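Residue-level listing of the chains:
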Amino acid sequence: MLILMTNNTFTKVREVFKNGAPGEKVLLRGWVHRKMEVKNRVFLVLRDSTGTIQCVVHKDSVPESVWSKAKAITRESSFIVEGVVKPDKRAPGGLEITVSNIEIVGISSIFPIFGRESVEYLLDNRHLWIRSRKLTAVFKVKHTVLDACREFFLKRGWWEVTPPIITMSACEGGATLFELNYFGEKAYLSQSAQLYLEVLIYSLEKVWAITPSFRAEKSRTRRHLSEYTHLEAEASWYNMEDMMRVTEDLIHHVVKRVLEERLEELEFLGRKTELLEDLKPPFPRITYDEAIDVLRRQGLPIDWGEDLGADEERKLTENFDTPFFITLFPKKIKAFYMKLCPSNPELVLGFDMLAPEGYGEIIGGSQREDDYDNLLARIIEAGLNPEEYKWYLDLRKYGSVPHSGFGLGVERLVMWITGLDHIRDATPFPRFRERAYP
Ligand code: 4AD
Ligand code: MG
């Protein structure tokens, strides 16, 4: 029984392509990605986590029992094959396996995805569509993105921390809060770990975290999820410019790692990589005022003081081939915690990083208000209850310090790097309004 073999007797598809010598006997296991029958032969494309390889069963050179298994096996069945590596010019990758034995591990019912299905149908069958090579490629890129982020902070001496998801107060405004019953009391799912990270900088100075963030977004857009992966960082003694430099170095580092390790996946996804290869900090910086001027010149009428939506951002990205920053926003369109600009208190020391090619905002950050009275005034101005923010205000009472931070939407970054046209495929189980299945 092939199934009883120990794990290390199996070869992965990638190893076959890397080290497989013609004539070498190998044992592979995986799923039937594709099946084709031609006269006396059955072609089974075996898929494992490392790739796909064609396995050929010849009727005349295997026992009848093996041939009947090859005939019976269905697409997406799990199986084990024993065979010999054979160079073949026509096979993808130049190698195939001549099969000598097969074992069906789990036979598959008719797999309900054939290609060309609608987006909604594929979302209904997400648990099965997830096996697709497209999603597999995206999740491998996402893995490398997360790994590169961790490496970046680790090497620079930042502390990784674990802030809570259950929160008692809003960070990014009440409109997108998910409410929750916490033993009879009102609580919320976190929109951002920022306020907690701010608490931690008084001891650890430079902290970061990856947590799920939740936004009850009312509309379904190509770049909003109700639950997303939020990478956030916060540091004492950093001003806005210091923090902007951290973000551009981070993005540069991540893109570099992805290009080093995930070219195959980017290629499979059809991603053109020139822009990614040319990326080099410092990224261009424009102020909100300049952005408004540029938009007007591009024929998109917008009043000073209005927030930049997806359309405005897309228009602005036409002017850049790299990620770029917009800084110094009007205070009324930004959160209460952003520090007022010393030279113009109508503005805040906030920044957004936008990805080019129409993608738009991937990072939002700012210097934080570190003065007790100013912060209290902003909290009241924003219509929030100062009682709920007493602990947050306390930080400005006990050894306040200039500090800054940012939040990066990991799925937004993955979406841009992989060139996806919708954020849903940057996460295995996307959550939107009206859809949170499975
Ligand atoms: O700009 P946002 O709302 O900023 C904050 O939450 C700050 N408290 C972060 C901080 O300074 N620590 O969100 C930060 C980033 C955005 O730039 C975007 O990339 C992503 O989070 N994001 C979303 N991603 C997917 N779906 C959504 N609904 C998102 N909302 C924000
Ligand atoms: Mg933002």
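Heads up: the structure comes first, above all this text.
Below or above, wherever it landed, is the structure these notes cover. (Residues numbered from 1 in each chain as written. Chains lettered and ligands numbered in written order. Predicted model: local features only at pLDDT ≥ 70, side-chain atom pairs only at ≥ 80, totals over all residues. Heavy atoms only, no water.)

### A closer look at the overall build of the protein chain
From N to C terminus, the protein chain includes 14 helices and 17 strands. If you line up the protein chain on its principal axes, its C-alpha atoms span 85 × 55 × 40 Å. Taken over 438 residues, the protein chain has a buried fraction of 50%. The contacts in the protein chain between residues at least 6 apart in sequence include a share of 66% that link residues at least 24 apart. Of the accessible surface of the protein chain, which amounts to about 21000 Å², a share of 53% is contributed by carbon and sulfur atoms. (Helix = DSSP H or I, 4+ residues; strand = E, 2+ residues; numbered from the N terminus. Buried < 20%, exposed > 50% of the residue type's maximum accessible area, 1.4 Å probe, protein only. Contact = heavy atoms within 4.5 Å. Areas by Shrake-Rupley, 256 points an atom, 1.4 Å probe, with all protein chains shown as cover.)

### Topic: the site of ligand 1
For ligand 1, the set of nearby residues contains 23 residues, the closest of which are Glu172, Gln194, Glu232, Glu361 and Arg368. A distance of 2.9 Å is found between a nitrogen atom of ligand 1 and a side-chain nitrogen or oxygen belonging to Ser192. Within the side chain of Glu232, an N or O atom sits 2.8 Å from a nitrogen atom of ligand 1. In the complex, the protein chains occlude 93% of the 620 Å² of accessible area that ligand 1 would expose alone. Per element, the largest residue contribution to the shell around ligand 1 is four residues, and it comes from strand β16 (residues 360-367). The residue makeup of the shell around ligand 1, split by class, is eight nonpolar, seven polar and eight charged. (Near = heavy atom within 4 Å. Polar contact = N/O pair within 3.5 Å; in protein donor to acceptor, adjacent residues only side chain to side chain. Nonpolar A, V, L, I, M, F, W, Y, C, P; charged D, E, K, R; others polar.)

### Some details on the sheet that holds strand β9 (residues 185-189)
The strand order β7-β9-β8 describes an open sheet built from three strands, whose pairing is antiparallel. Both edges of this open sheet fall to β7 (166-167) and β8 (179-182), since each of them pairs with a single strand only. As judged from the four bridges shared by β8 and β9, these two strands associate in the antiparallel manner. The residue of β9 that forms the bridge with Asn181 is Lys186. (Pairing = 2+ DSSP bridges.)

### A word on the state of the cysteines
Working definition of a disulfide: a covalent bond connecting the sulfur atoms of two cysteines. Across all of its chains, the model carries zero disulfides by this definition. Unpaired in this structure, Cys171 has its nearest cysteine sulfur neighbour in Cys149, at a distance of 20 Å. Accessibility expressed as a relative area gives 4% for Cys171, which makes it buried. (Disulfide = S-S within 2.5 Å.)

### Section: the pairing of strand β10 (residues 206-214)
Judged from the two bridges that link them, strand β6 (residues 159-160) and β10 form a sheet pairing that is parallel. Within β10, the position partnered with Trp159 by the bridge is Val207. Sheet topology places β10 next to strand β11 (residues 227-236); nine bridges connect them, and they run antiparallel. Within β11, the residue paired with Pro212 across the bridge is Thr229.

### Structural notes on the packing of helix α5 (residues 133-155) against helix α7 (residues 240-261)
Contact geometry of α5 with α7 gives a least axis separation of 9 Å together with a crossing angle of 135 degrees. In terms of orientation, α5 and α7 fall into the oblique class. Where α5 crosses over α7, the two elements pack in a sense that is right-handed. Taking contact as the criterion, the partners of Val141, Thr144, Val145, Asp147, Ala148, Cys149, Glu151, Phe152 and Phe153 in α5 are, on α7, Val246, Asp249, Leu250, His253, Val254, Arg257, Val258 and Glu261. (Axes fitted to C-alpha atoms, helices over the stretch in contact; angles between N-to-C directions. Parallel < 35°, antiparallel > 145°, perpendicular 65-115°, else oblique. Left-handed = near helix turned anticlockwise from the far one by under 90°.)

### Focus: the sheet that holds strand β4 (residues 78-87)
As summarised here, the arrangement of the five strands in space is β1-β2-β3-β5-β4, forming a closed barrel in which the pairing is mixed. Between one strand and the next, the sheet's axes are offset by a mean angle of 55 degrees, whatever the strand orientation. Alignment of β4 against strand β5 (residues 95-106), held across ten bridges, turns out to be antiparallel. In the sheet register, Lys86 faces β5, and the bridge partner there is Glu96. Here helix α2 (residues 64-72) sits on the sheet and contacts β1 (25-38), β2 (41-48), β3 (51-58) and β5; the angle it forms with β5, its principal contact strand, is near 80 degrees.

### Overview of the packing of aromatic side chains
By the definition in use, this model includes 15 aromatic pairs. Ring geometry for Phe153 and Trp158: centres 5.2 Å apart, planes at 65 degrees, overall edge-to-face. Owing to a relative accessible area of 0%, Phe153 belongs among the buried residues under this scheme. With relative accessibility at 5%, the residue Trp158 sits in the buried group. Taking the centre distance of 6.0 Å and the plane angle of 70 degrees together, the rings of Trp391 and Tyr392 count as edge-to-face. Overall, the relative accessible area of 29% leaves Trp391 in the partly exposed class. The class for Tyr392 is buried, based on a relative accessible area of 0%. Here a set of aromatic residues connected by ring pairs shows up, and it is made of Tyr196, Phe336, Tyr337, Tyr389, Trp391 and Tyr392. The lysine or arginine in question, Arg222, covers the ring of Tyr359, its NZ or CZ lying 5.8 Å from the ring centre. (Phe/Tyr/Trp six-rings, centres within 6.5 Å; stacked < 30°, edge-to-face > 60°. Lys NZ or Arg CZ within 6 Å of the ring centre and 35° of its normal.)

Interpretation note: all reported values are geometric properties and have no functional meaning in isolation.
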